[in-house]
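Single-letter residue listing:
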Amino acid sequence: QSCTRLCMVFVPIILLGHMKLIVIIVIIVVGVLAAFFFLRSRVAESGTLAELPQRLAKLKLQDNDPKAFFGFCTRDEDALYFVHEHEVFYLDYELTTPAKKGYADAFRKTAADLGFSVIDTSYYGQYPVLRVKAGDTETQAADVGLKFTHRLFGHDQQTVFEFLP
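Residues numbered from 1 in each chain as written. Predicted model: local features only at pLDDT ≥ 70, side-chain atom pairs only at ≥ 80, totals over all residues. Heavy atoms only, no water.

Q: Residue-level account of the pattern of salt bridges, with values.
A: A full pass over the atoms with the stated rule returns eleven salt bridges. With a shortest N-O distance of 3.2 Å, Arg55 and Glu51 are connected by a salt bridge. Between Lys60 and Glu138 there is a salt bridge, and its shortest N-O distance comes to 3.9 Å. Of this pair, Lys60 sits in helix 2 (residues 52-60) while Glu138 is found in helix 5 (residues 138-153), placing the two residues 78 residues apart along the sequence. Shared partners join several salt bridges into a network, and the residues in it are Arg75, Glu77 and Asp78. (Salt bridge = Lys/Arg side-chain N within 4 Å of Asp/Glu carboxyl O. Helix = DSSP H or I, 4+ residues; strand = E, 2+ residues; numbered from the N terminus.)

Q: Outline the sheet that holds strand 2 (residues 70-73), supporting the account with residue identities and numerical values.
A: Strand order in the open sheet formed by seven strands is 1-7-2-3-4-6-5, with antiparallel pairing between adjacent strands. One side of each edge strand has no neighbouring strand; the edge strands of this open sheet are strand 1 (45-47) and strand 5 (119-123). Going from strand to strand, the sheet's axes swing by 35 degrees on average, the running direction of each strand aside. The pairing of strand 5 with strand 6 (residues 127-135) spans five bridges and is classified as antiparallel. Opposite Thr121, over in strand 6, you have Val129 as the bridge partner. The strands touched by helix 2 within the sheet are strand 1, strand 2, strand 3 (80-85), strand 4 (88-94) and strand 7 (161-164), with strand 3 carrying the most contacts at an inclination of about 40 degrees. (Pairing = 2+ DSSP bridges. Axes fitted to C-alpha atoms, helices over the stretch in contact; angles between N-to-C directions. Contact = heavy atoms within 4.5 Å.)

Q: Explain the packing of helix 2 against helix 5 residue by residue, including any values.
A: Contact pair helix 2 / helix 5: the axes reach a minimum separation of 9 Å and the direction vectors enclose 120 degrees. By the criterion of interaxial angle, the relationship of helix 2 to helix 5 is oblique. The element helix 2 and its partner helix 5 pack so that their crossing is right-handed. Residues Leu52, Pro53, Leu56, Ala57 and Lys60 of helix 2 lie in contact with helix 5, whose contacting residues are Glu138, Ala141 and Ala142. A class-by-class count of the residues in the contact of helix 2 with helix 5 yields six nonpolar, no polar and two charged. (Parallel < 35°, antiparallel > 145°, perpendicular 65-115°, else oblique. Left-handed = near helix turned anticlockwise from the far one by under 90°. Nonpolar A, V, L, I, M, F, W, Y, C, P; charged D, E, K, R; others polar.)

Q: Mind laying out the environment of His86, listing which residues take part and the relevant values?
A: Structurally, the position occupied by His86 is in the loop between strand 3 and strand 4. Its relative accessible area of 71% is what places His86 among the exposed residues. Considered as a pair, His86 and Asn64 are 22 residues apart in the sequence and their alpha carbons are 7.9 Å apart. (Buried < 20%, exposed > 50% of the residue type's maximum accessible area, 1.4 Å probe, protein only.)

Q: Got a sec to walk through helix 5? Specific residues and values, please.
A: Taking 1.5 Å per residue, 16 residues should reach 22 Å; helix 5 reaches 22 Å between its end C-alpha atoms and fits that length. Among the residues making up helix 5, those that are buried are Glu138, Ala141, Ala142, Val144, Gly145, Leu146, Phe148, Thr149, Leu152 and Phe153. Gly154 sits one or two positions beyond helix 5 and adopts a positive phi of about 80 degrees. (Expected span 1.5 Å × (residues − 1).)

Q: An account of the side chain of Arg55 is needed here, citing residue identities and associated values.
A: Secondary-structure assignment places Arg55 in helix 2. Arg55 gets classed as buried once you look at its relative accessible area, which sits at 17%. When sequence neighbours within four positions are dropped, the list of residues in contact with Arg55 reads Glu45, Phe70 and Phe163.

Here's what the structure looks like:
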C-alpha cells in the first residue's frame, strides 16, 4: 500500500516533468525554425542584371520607407545600391572601405562621361556615399546600373550578382 501511495504521488509529478520537457522542446524547435526562415529571408539571392527592372518595381513600392534599398555585387568593392525617394531612383556607391574609396574617382569620371552629376551624401551622417539620379522608371534605372557596373568593374548582363537584401 505504501508503494501505491508513493506511486500516486510521484507519477503525476514525473508526468508533469515530462510535459514540461515536451513543451520546452516544442518551443525550442519552433524558435529554431522561425530563426531559420527569418535568416533565409535576409540572405542574398543570386541572379543577373536582367532581373533589375522587376526588383526595382518592388523597391518602388517602398517609396515611403527611408531605409528601403537593394544592392547588387559580386564582392564588397563592387556593391552598388538603388534607393527610391520621391518617385526617383538613385544609384549609390558607399565609400566604407579603403578599397571602395579607391573607386571614388572612377565613379565620378564614369558619372561625368555618362552625363550624370554626382551628389555627395551619406547614410545617417556616418557612411559617405556617391549618388547619381538613375531615372524615374525601372527601365532607366536598370540601364544606369548596368552602365556603371560595366564601366567601373567590367561586368555585363551575364554576370551573376548577389542581390541584397
